[in-house]
Amino acid sequence: MFALKEVALLLSVELERLVDDYLKCPDLIIKEQIQDDIQLLSKALVQCKQPI
């Protein structure tokens, strides 16, 4: 299993990629989908960083 620290790092890397994709994407529908993914991963990252 991954440690929470590793999961948080993976989520951070993926968030960075999604933000980059969002900024480069010309399609508004796809941008909305990417934004939904960004919000979901952001919530997951917050959960990983909260103490258990």
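Everything numeric in this text was worked out from a predicted model, so none of it was measured.

About the thresholds
- Residues numbered from 1 in each chain as written.
- Predicted model: local features only at pLDDT ≥ 70, side-chain atom pairs only at ≥ 80, totals over all residues.
- Heavy atoms only, no water.
- Axes fitted to C-alpha atoms, helices over the stretch in contact; angles between N-to-C directions.
- Helix = DSSP H or I, 4+ residues; strand = E, 2+ residues; numbered from the N terminus.
- Parallel < 35°, antiparallel > 145°, perpendicular 65-115°, else oblique.
- Left-handed = near helix turned anticlockwise from the far one by under 90°.
- Contact = heavy atoms within 4.5 Å.
- Expected span 1.5 Å × (residues − 1).
- Buried < 20%, exposed > 50% of the residue type's maximum accessible area, 1.4 Å probe, protein only.
- Arc of directions from axis to C-beta.
- Core = buried A, V, L, I, M, F, W, Y, C linked by side-chain atoms within 4.5 Å.

1. A look at the packing of helix α1 (residues 4-24) against helix α2 (residues 28-49)
Then, in step 1: Running from amino to carboxyl end, α1 crosses α2 at an angle of 160 degrees, the nearest separation of the two axes being 9 Å. Classed by the angle they form, the pair α1 and α2 counts as roughly antiparallel. Here α1 runs over α2; the crossing is left-handed. On α2, the residues that touch L4, V7, A8, L11, S12, E14, L15, L18, V19, D21 and Y22 of α1 are K31, I34, Q35, D37, I38, L41, S42, A44, L45, C48 and K49.

2. Re α1
Then, in step 1: With 21 residues, α1 should cover 30 Å at 1.5 Å per step; its first-to-last C-alpha distance of 30 Å lies within 8% of that length.
Then, in step 2: Residues of α1 that are buried: A8, L11, L15 and L18. With its buried residues spanning 85 degrees around the axis, α1 presents them on a single face. With respect to the buried face of α1, the exposed residues turned more than 90 degrees away are K5, L9, E16, R17 and K24.
Then, in step 3: Tucked into the core, α1 has its buried residues touching α2.

3. Let's talk about the nonpolar core
Then, in step 1: Formed by A8, L11, L15, L18, C25, I34, I38, L41, L45 and C48, the largest nonpolar core amounts to 10 residues.
Then, in step 2: At the level of elements, α1 and α2 are the ones that each hand at least two residues to this core.
Then, in step 3: The dominant element in this core, judged by the number of residues it contributes, is α2, at five residues.
Then, in step 4: The contact partners of L15, leaving out residues within four places of it in the chain, are I38, L41, S42 and L45.

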